Amino acid sequence: MPVYHRTQRLQIFGEKPEVTKLYGGRYRMVVRCVAKNGTKAWYNANKDQIFADFGTLYSAQMSIDGIDARTGEAYDDMVLVENKAYIYGREEVYLVEFTYETLTDSFVKEQEDKVDFDLNGLKRLTRTIIAKDTVAYSSVVGTTTLGSAPTLTLAQSVEDQLEPSEDGFKRIQEVWLESGTLSETLDNVGSQKAKVIETIGADPATPSGYSLASKQESNLEGFQTNRFTFLKPSILSLKQELSGGSKEVSVQAFGLNEADVITALSEVTSDHVLLSQSESDYAGIKTTTFEFRLDESFTEDYELNGLQRISLVELSVSNFTAQTIGSVSSSAPTSGLYLGTQQIDNGGSIKVRESIWLEAGVLNASKEFNRDGLLYVTFYSQGSKVTPTALNSGKLLTDIETEAFQGGVDAPVRYSKVQDVNGFKKFQVTVMLLQDGSPLVGGGADNAVQSYQQYEKYKRPGTFTLAADAVTGSPGNTRDVLVTVTEVISTDSTLAASYKPFSVTNWTDYNYRYIPTSTGLPVVKNGAADGYLGSGSFASAGGEVFGVEVDSAVGTAGSNPSPTAFNNLSNQVISSSNDPAFTTDEGVKWYRKIKVQMVGTMAANLGSV
């Protein structure tokens, strides 16, 4: 008699189902059936009705032509986990295969547990459990424990299906771990050695002398593990900027406060102040960053015509007071320099004073030749007025500029100006030199300014002859004569004898005539004026003379040059002047003296008398 399985449409193929005993008292049964009508067309039309639902029991009837299982035919809790059909044999008979396994409403082990101690000697247990697919899994990773001595904690649980077509069951693979230390190593954090301990399930004890620096969570096969980094309170890193004048120091420290850092680095920070303090993350460790800077730093340059300039920055926790602009420093590094500018910020916790200190001296100089024949040199200086000492120090000045104060003697200052820039003095001084750059000599000495030749008109005096009854003669003539003009300047307000123009006493211009008078004395009349030449008779004084002294007591001719002596006179001064030229800033008056001398003899220039 044919035997059917779950429906009148499926006849069991073979003598009986295939039975396999599984781990833990479970069974697997494979039932193969022949379809009622084995044609391919029939199978395609009815395949939805010849497969049972996964998870149904061996004894469950199918929805069409269903039948009950025979008593004792199957084990308890046999659940359908696989159902498939395939063609068998040369006659192409369709076989429908049902696979059942023992599944209950609670999880049981599917196979023997696997145990190892690969994790630093800690016990690890790997277990696979199985149950109906309707069973809820309640164990929690990291919380659920197993056994004792040692206690294991669930580290991982993964639902696993061996074949994609399987269903109707729930298979879970579990990993259980013993709590404890997984590893303990030494690692470098900055300049320090750190103890790094990785644990599972329990926090490690803090090593002696160390503090917990960081705790990092990770995952080991699905179970959270922790990485603990322990450090001794210490300096982790030190960065010191040695370039420039500020010399900044940056310190990263663990477990230290400001006082601890200053003490630990006293040789570096003794002359520094703390600018800022901030929390930061250094290699995953919470650290404190301290920024220090020198309480006094400076930069130095010589860009101002070689003059020293220092930019000074001072830091302090106390308020700064303003210094006097233009004052001279008496302390390093600005000793001897003048204060040019200064800015103070007392607003923050760290007070700042920034100052510019300048060396006194000449910034630059310019020169020009004036029409008066002198060389004008203008100096621009800072801090102090131009002095011989400043120029003789040779601050990039030319020879001519330096010669303005040769020998330490001040040249005459024609012009000076003082500019006050918030209290810092800047000076403009114009001094005068001779055209060759040599200094002017004071004390009344003549300083030759220039000498040149030119033609000037010159009128020679006339001649006259005294007779008993008349005065006769010839007038002087006017000619262009070559002269040498010499200019000097001096502090002497007087003219020397060498500047006196040539003259002959009572030299006439032929305007005189003889007029008898009641006294019998001759009268020489010059225009409207009458004047006596002398007493006595002039009859014996007849003849040509070159001048007569006006002397009421002496009626004879004076000792004037003879015509020959006059003709031979040479290089005679024909005119001179002495006028104020300028007054220096110091109040010294200077005079310009001009002397005009005829070039050659009188006869050569005017003709013979």
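Remember, predicted model here, so these are calculated numbers, not experimental data.

### So, the overall build of the chain
Here is step 1 of the chain: When helices and strands are counted, the chain shows 7 helices and 37 strands.
Here is step 2 of the chain: The 609 residues of the chain split such that 37% are buried.
Here is step 3 of the chain: Within the chain, contacts between residues at least 6 apart in sequence are counted, and of these 57% link residues at least 24 apart.
Here is step 4 of the chain: Per element, the accessible surface of the chain, about 32300 Å² overall, is 47% carbon and sulfur.

### As for unusual backbone geometry
Here is step 1 of the chain: Here the amide bond leading from Ala149 into Pro150 is cis, since omega sits at 0°, within 30 degrees of zero.
Here is step 2 of the chain: Of note, Pro150 is situated in the loop between strand S9 (145–146) and strand S10 (152–159).
Here is step 3 of the chain: The omega torsion of the bond from Ala332 to Pro333 falls at 5°, within 30 degrees of zero and hence cis.
Here is step 4 of the chain: Along the chain, the position of Pro333 falls in the loop between strand S21 (307–316) and strand S22 (338–345).

### Quick look at the sheet that holds S21
Here is step 1 of the chain: Judged by pairing direction, the sheet is antiparallel, and its 4 strands sit side by side in the order S20-S21-S23-S22 without closing on themselves. The open sheet has two edge strands, strand S20 (296–304) and S22, and neither has a second partner. Going from strand to strand, the sheet's axes swing by 15° on average, the running direction of each strand aside.
Here is step 2 of the chain: In the sheet, S22 pairs with strand S23 (residues 351–358) via 7 bridges, with the strands oriented antiparallel. Bridging across to S23, Thr341 finds its partner in Ile356.

### Some thoughts on the side chain of Lys351
Here is step 1 of the chain: Mapping Lys351 onto the fold places it in strand S23.
Here is step 2 of the chain: Within the structure, Lys351 has its side chain in polar contact with the backbone oxygen of Asn346 (distance 3.2 Å).
Here is step 3 of the chain: Excluding anything up to four places from it in sequence, Lys351 contacts Glu314, Leu315, Ser316, Val317, Ser318, Asn319, Phe320, Asp345 and Asn346.

### Some details on helix H1 (residues 40–50)
Here is step 1 of the chain: Inspection of H1 places Trp42, Tyr43, Asn46 and Ile50 among the buried residues, and these make up the whole buried set. For H1, the angular spread of buried residues about the axis comes to 110°, placing them on one side. In this structure, H1 carries Ala41, Ala45 and Asp48 as exposed residues pointing more than 90 degrees from its buried face.
Here is step 2 of the chain: Those residues of H1 that are buried are in contact with strand S1 (10–12), strand S3 (27–35), strand S4 (78–88) and strand S5 (93–102).

### A look at the pairing of strand S27 (residues 424–433)
Here is step 1 of the chain: For S27, a buried count of 7 out of 10 residues is recorded, marking the element as mostly surrounded by other parts of the structure.
Here is step 2 of the chain: As paired strands, strand S25 (residues 375–382) and S27 are joined by 8 bridges and run antiparallel to one another. When the bridges of S27 are listed, Ser381 appears paired with Phe427.
Here is step 3 of the chain: Following strand S26 (residues 413–421), the chain reverses through 2 residues before pairing antiparallel with S27; Asn422 in that reversal takes a positive phi of roughly 55°.

### Observations concerning the pattern of salt bridges
Here is step 1 of the chain: The final tally for this structure, using the stated rule, is 23 salt bridges.
Here is step 2 of the chain: We note a salt bridge from Asp116 to Arg124, for which the minimum N-O separation is 3.1 Å.
Here is step 3 of the chain: Arg124 sits in the buried class, given a relative accessible area of 11%.
Here is step 4 of the chain: Salt bridges here are not isolated pairs; linked through shared partners, they connect Glu18, Arg32, Lys84 and Glu97.

### Examining the nonpolar core
Here is step 1 of the chain: By size, the foremost hydrophobic cluster in this structure holds 18 residues, and its most contacted members are Leu10, Val31, Cys33, Ile50, Tyr58, Phe98 and Tyr100.
Here is step 2 of the chain: If you list the elements that add at least two residues to this core, you get S1, S3, H1, S4 and S5.
Here is step 3 of the chain: Setting aside residues no more than four positions away along its own chain, Phe98 makes contact with His5, Leu10, Met29, Val30, Val31, Cys33, Ile50, Ala52, Leu80, Glu82 and Asn83.

### Things to note about the packing of aromatic side chains
Pairs of aromatic rings are described using the distance from one ring centre to the other and the angle between the two planes.
Here is step 1 of the chain: Inspection of every chain in the model, using the stated rule, returns 7 aromatic pairs.
Here is step 2 of the chain: Pairing Phe98 with Tyr100 gives two aromatic rings, centres 6.4 Å apart and planes at 10°, and the pair type is stacked. Here Phe98 and Tyr100 have matching classes, each one buried.
Here is step 3 of the chain: Between the aromatic rings of Phe228 and Phe230, the centroid separation amounts to 6.4 Å while the plane-to-plane angle is 15°, which identifies the pairing as stacked.
Here is step 4 of the chain: The ring of Tyr499 carries Lys595 above its face, with NZ or CZ at 4.7 Å from the centroid.

### Let's talk about the confidence of the model for the chain
Atomic detail in the predicted coordinates should be set aside for any region of low pLDDT.
Here is step 1 of the chain: Per-chain confidence: the chain averages 78 in pLDDT, with 78% of residues scoring 70 or above.
Here is step 2 of the chain: For residues 506–560, every residue scores under 50 in pLDDT, and the model assigns this stretch 104 contacts once sequence neighbours within four places are set aside.

### Re the sheet that holds strand S36 (residues 573–583)
Here is step 1 of the chain: Reading across from one edge, S28-S31-S37-S36 is the order of the 4 strands in this open sheet, with antiparallel pairing throughout. Lying at the two open borders of the sheet, with one neighbouring strand each, are strand S28 (447–459) and S36. With direction set aside, neighbouring strand axes in the sheet form an average angle of 20°.

### Regarding the environment of Glu248
Here is step 1 of the chain: As for its placement among the helices and strands, Glu248 is situated in the loop between strand S16 (234–240) and strand S17 (249–254).
Here is step 2 of the chain: Residue Glu248 is classed as partly exposed on the basis of its relative accessible area of 28%.
Here is step 3 of the chain: Residues Glu248 and Glu291, 43 residues apart in the sequence, show an inter-C-alpha distance of 7.3 Å.
Here is step 4 of the chain: Look past the residues within four positions of Glu248 in its chain and what remains in contact with it is Lys239, Gln240, Glu241, Phe292 and Arg293.

### Some details on the environment of Arg124
Here is step 1 of the chain: Along the polypeptide, Arg124 turns up in strand S8 (residues 122–132).
Here is step 2 of the chain: Along the sequence, Arg124 and Ala155 sit 31 residues apart, while their C-alpha atoms lie 9.4 Å from each other.

### Here we look at the side chain of Lys170
Here is step 1 of the chain: By the secondary structure assignment, Lys170 is in strand S11 (residues 169–178).
Here is step 2 of the chain: Here Lys170 occupies a buried position and makes no salt bridge, while the nearest side chain of opposite charge, Glu159, is found at 5.3 Å.
Here is step 3 of the chain: Here the side chain of Lys170 touches Val135 through a polar contact of 2.8 Å, landing on its backbone oxygen.
Here is step 4 of the chain: If we skip the residues at most four places from it in the chain, Lys170 touches Phe107, Ile129, Ile130, Ala131, Lys132, Asp133, Val135, Ala136 and Glu159.

### Points about the pairing of S8
Here is step 1 of the chain: Counting buried positions along S8 gives 10 out of 11 residues, so the element sits mostly inside the fold.
Here is step 2 of the chain: With 2 bridges joining them, strand S6 (residues 108–109) and S8 adopt antiparallel strand pairing. Within S8, the position partnered with Lys109 by the bridge is Ile129.
Here is step 3 of the chain: Here strand S7 (residues 114–119) pairs with S8 via 4 bridges, running antiparallel. By the bridge assignment for S8, Val115 is matched with Leu125.
Here is step 4 of the chain: Where S7 hands over to S8, the hairpin turn is made up of 2 residues, of which Asn120 adopts a positive phi near 55°.
Here is step 5 of the chain: With 9 bridges joining them, S8 and S11 adopt antiparallel strand pairing. Bridging from a neighbouring strand, Thr128 pairs with Gln173 of S11.

Cut-off values and rules
- Residues numbered from 1 in each chain as written.
- Predicted model: local features only at pLDDT ≥ 70, side-chain atom pairs only at ≥ 80, totals over all residues.
- Heavy atoms only, no water.
- Helix = DSSP H or I, 4+ residues; strand = E, 2+ residues; numbered from the N terminus.
- Buried < 20%, exposed > 50% of the residue type's maximum accessible area, 1.4 Å probe, protein only.
- Contact = heavy atoms within 4.5 Å.
- Areas by Shrake-Rupley, 256 points an atom, 1.4 Å probe, with all protein chains shown as cover.
- Pairing = 2+ DSSP bridges.
- Axes fitted to C-alpha atoms, helices over the stretch in contact; angles between N-to-C directions.
- Polar contact = N/O pair within 3.5 Å; in protein donor to acceptor, adjacent residues only side chain to side chain.
- Arc of directions from axis to C-beta.
- Salt bridge = Lys/Arg side-chain N within 4 Å of Asp/Glu carboxyl O.
- Core = buried A, V, L, I, M, F, W, Y, C linked by side-chain atoms within 4.5 Å.
- Phe/Tyr/Trp six-rings, centres within 6.5 Å; stacked < 30°, edge-to-face > 60°.
- Lys NZ or Arg CZ within 6 Å of the ring centre and 35° of its normal.
- pLDDT = per-residue confidence, 0-100.
- Lys, Arg positive; Asp, Glu negative; His and termini not counted.

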